[in-house]
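In case you want the letters, here they are:
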Amino acid sequence: MQNKFTVTPWEVSGEVDYDKLIKEFGTKRIDPTLLERIRKHTGTLSHFLRRGIFFSHRDLDWVLDEYDKGNKFFLYTGRSPSGPVHMGHVATWMFTKWLQDKFNVELWFQFPDEEKFLFKDELTLEDTKKWTYENALDVIALGFDQKRTHFIIDTVHANLMYKEACRVAKKITFSTAKAVFGFDNETNIGSIFYTAMQSVPAFLPSVLEGRNIPCLIPHAIDQDAHFRVSRDVLPKLGYYKPAAIHDMFLPGLGGMMEQGKMSSSEQHTAIFTTDSPAVVREKINKYAFSGGQATVEEQRRKGGNPAVDVSYRWLTFFEEDDRKLKEIYEDYKSGKMLTGELKAVLIEKINAFLKQHQEKREKAKKEIDKFIFKE
Ligand code: TRP
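Residues numbered from 1 in each chain as written. Predicted model: local features only at pLDDT ≥ 70, side-chain atom pairs only at ≥ 80, totals over all residues. Heavy atoms only, no water.

Considerations on the environment of tyrosine 194
Heads up, the condition is: Strands are runs of DSSP state E lasting at least 2 residues, helices are runs of H or I lasting at least 4, and numbering of each runs from the N terminus. Burial classification: accessible surface area is computed with a 1.4 Å probe over protein chains only, and a residue below 20% of its type maximum counts as buried, one above 50% as exposed, and the rest as partly exposed. Whether two residues touch is decided by their heavy atoms; if any such pair falls within 4.5 Å, the residues are in contact. Definition of a polar contact: a pair of N or O atoms within 3.5 Å, with one able to donate and the other able to accept a hydrogen when the atoms are protein atoms, and with sequence-neighbouring residues admitted only if both atoms are side-chain atoms.
Among the structural elements, tyrosine 194 can be located in helix H10 (residues 189-199). A relative accessible area of 1% means that tyrosine 194 is categorised as buried. Along the backbone, tyrosine 194 and proline 112 are 82 residues apart, and their C-alpha atoms lie at a distance of 9.0 Å. Not counting the four nearest positions on each side in its chain, tyrosine 194 is found in contact with Pro112, Glu114, Glu115, Leu118, Phe119, Asp154 and His226. A distance of 3.1 Å separates polar atoms of two side chains, one belonging to tyrosine 194 and the other to glutamate 115.

A look at the nonpolar core
What tends to happen in soluble globular proteins is that the nonpolar side chains get buried as a cluster. Threshold: We define the nonpolar core as a collection of buried residues of types Ala, Val, Leu, Ile, Met, Phe, Trp, Tyr and Cys that are connected through side-chain atoms lying within 4.5 Å of one another.
Counting 63 residues, the largest nonpolar core has Leu49, Met87, Ile245, Ile271, Trp314 and Ile350 as its most contacted members. Ranked by residue count, the leading element in this core is helix H5 (residues 87-103), at eight residues. Excluding its chain neighbours within four sequence positions, the residues that come into contact with isoleucine 245 are Ile30, Leu49, Phe54, Ser56, His57, Leu60, Phe95, Leu99, Leu216, Ile217, Pro218 and His219. Among the nonpolar cores identified, the runner-up in size contains 29 residues, and Phe74, Ile152, Phe183 and Phe227 belong to it.

Considering the domain arrangement of the chain
By a frequent convention, interface size equals the accessible area lost on bringing the separate parts together. To keep it simple, the criterion reads: Note that the domain bounds were set by an automatic or database domain assignment. Buried area: the accessible surface (1.4 Å probe) lost by two parts on joining, summed over both. By salt bridge we mean one thing: a side-chain nitrogen of Lys or Arg within 4 Å of a carboxyl oxygen of Asp or Glu.
Assigned domains of the chain: these are domain 1 (6-248) and domain 2 (263-362). Computed from C-alpha coordinates alone, the two centres of domain 1 and domain 2 are separated by 29 Å. Carbon and sulfur atoms supply 60% of the area that domain 1 and domain 2 bury against each other, a total of about 1800 Å² over both sides. The largest contributions to the domain 1 side of the interface with domain 2 come from Arg51, Met87 and Ala141, which together make up 34% of the buried area. Where domain 1 touches domain 2, the interface holds four salt bridges. As a salt-bridge pair, arginine 51 and aspartate 322 come within 2.6 Å of each other at their nearest N and O atoms.

Overview of H10
Among all positions in H10, only Ser191, Tyr194, Thr195, Ala196, Met197, Gln198 and Ser199 are buried. Buried positions along H10 lie against strand E5 (74-78), strand E6 (107-111), helix H6 (115-119), helix H8 (158-169), helix H9 (174-181) and helix H12 (224-233). If you check the start of H10, you find a side-chain oxygen 3.1 Å away from the backbone N of glycine 190, and it comes from asparagine 188.

Considering the sheet that holds E6
What counts here: Two strands qualify as a pair provided that DSSP identifies no fewer than 2 bridges between them.
Spatially, the seven strands line up as an open sheet ordered E3-E4-E9-E8-E5-E6-E7, and their pairing is mixed. With one partner strand each, in any of the chains shown, strand E3 (28-29) and strand E7 (149-153) form the two edges of the open sheet. Bridge count for strand E4 (residues 54-58) against strand E9 (residues 243-247) is four bridges, and the pairing is antiparallel. Bridged to arginine 58 within E9 is alanine 244.

Structural notes on the pairing of E6
Most of E6 sits out of view: five of its five residues are buried. Here E6 shows no split at all, with Leu107, Phe109 and Phe111 on one side and Trp108 and Gln110 on the other all buried. As defined by bridge partners, E5 adjoins E6 across four bridges and the pair is classed as parallel. Looking at the pairing, threonine 77 lines up with phenylalanine 109 of E6.

Examining the site of the ligand
To be explicit about the condition: Residue proximity to a molecule or strand is established when one non-hydrogen atom of the residue lies within 4 Å of it. Shrake-Rupley sampling with a 1.4 Å probe provides the accessible areas, and residues are treated as covered by the protein chains on show and by no other component. Here the term charged refers only to Asp, Glu, Lys and Arg, the term nonpolar to Ala, Val, Leu, Ile, Met, Phe, Trp, Tyr, Cys and Pro, and the term polar to all other amino acids, Gly among them.
Around the ligand lies a shell of 15 residues, among which Tyr76, Gln110, Glu115, Gln198 and Gln223 are the nearest. The side chain of glutamine 110 places a nitrogen or oxygen atom 2.9 Å from a nitrogen atom of the ligand. Glutamine 198 places a side-chain nitrogen or oxygen 2.9 Å from a nitrogen atom of the ligand. Its free accessible area being 370 Å², the ligand has 92% of it covered by the protein chains. Ranked by the residues each element gives to the shell around the ligand, the list is headed by E5, at three residues. Here the shell around the ligand is built from residues that sort into five nonpolar, seven polar and three charged.

Some remarks on the pattern of salt bridges
As enumerated under the stated definition, the model contains 27 salt bridges in all. A salt bridge links arginine 39 to glutamate 36; the nearest nitrogen and oxygen atoms lie 2.8 Å apart. Taken together, the residues arginine 39 and glutamate 36, both in helix H2 (residues 32-42) and three residues apart, mark about one turn of the helix. Residue class for glutamate 36 comes out partly exposed when judged on its relative accessible area of 34%.

Here we look at the environment of threonine 187
With respect to the helices and strands, the residue threonine 187 is situated in the loop between H9 and H10. In this structure, the C-alpha to C-alpha distance between threonine 187 and phenylalanine 119, residues 68 residues apart in sequence, is 8.9 Å. Only 3.0 Å separates the side chain of threonine 187 from the backbone nitrogen of aspartate 184, close enough to count as a polar contact.

Focus on helix H16 (residues 322-334)
Quick note on the threshold: How far a helix is expected to stretch is found by multiplying one less than its residue total by 1.5 Å.
Along its 13 residues, H16 runs 18 Å from first to last C-alpha, staying within 8% of the 18 Å computed at 1.5 Å per residue. Where H16 is buried, its residues meet helix H14 (296-302), helix H15 (310-318) and helix H17 (339-364). Put simply, aspartate 321 is the residue that caps the front of H16, since its side-chain oxygen is 2.9 Å from the backbone nitrogen of arginine 323. Positive backbone phi, at 95 degrees, marks glycine 335, one or two positions downstream of H16.

In structure tokens form, the structure reads like this:
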């Protein structure tokens, strides 16, 4: 049977075939040579790279060439405020922080607070404003360096962004927008314009500094469509093509096959940064798809299947210690470890992380103003 899946900025579903995505989107796999080049700068490699979770890129080699010549890049990523932050977002941003720390670079973080307002019927601009604040707390809690991290919020920084967005928009025809994003005559015109706003932070620092600065965008691969357009347009405006580094999706608890990525709209298969320890325990115990056998006896005899087990997959994102992870893998596969025990390991890992995260999130309320970009 043909495995069907969809990866667009609006929909991720089915069992994602990442090799096929690389071919379809025309990106490059992060190969051992490139990993070695990164390691030369960073000393050790993040587990997100070691395990191929960040697996694909555009022009990352070029960004490193420039860096070697003393031409530092800046990082750009973002979050469309539309609901609570879940562990999938956290993973992408943990790696972004790792990049910021290791390369000692600026990060521009966009909160396009108009995006989901335009694309979803039920969200008001008041809702997205509230979520901007809530989501910003999560970003700060992850420990980004305040001096080198700049939040831009589309409706707040419109004064700065709109002119640049117009320059981008003028270079994108409706037929390109239709072909890339699948728009039709029923699409509202705000949605059609939106991609221009998502392009702006990829060159805004160059505008502000008055010189061209390379941009590297860490993002989940579903956003690639936007940046294909940016890469086409920015050189026409005299800027570099933004480079990108892409990660795989953290599966929802329901499993890799059920669901392409974790989704905030599916409450019980997502774990949010604000979930209590009891809620985390219940969600994982109840919903985390298991690669284990039906009975203890069978599990002991045949062993579990880590390849389809969501708890194990989650540990590849959140258990950094390779030795521990390998031990879990072997114990689970051999039947020495039971599904309940594997889940208990994950529950402890996530709850330990969230305990700290939630404390930092509280403290972030006092820091938020310092992160918001001021001209
Ligand atoms: N469109 C993204 C979302 O739906 C938000 C976003 C804006 C973004 N700029 C970005 C994501 C840059 C990654 C990189 O959440």
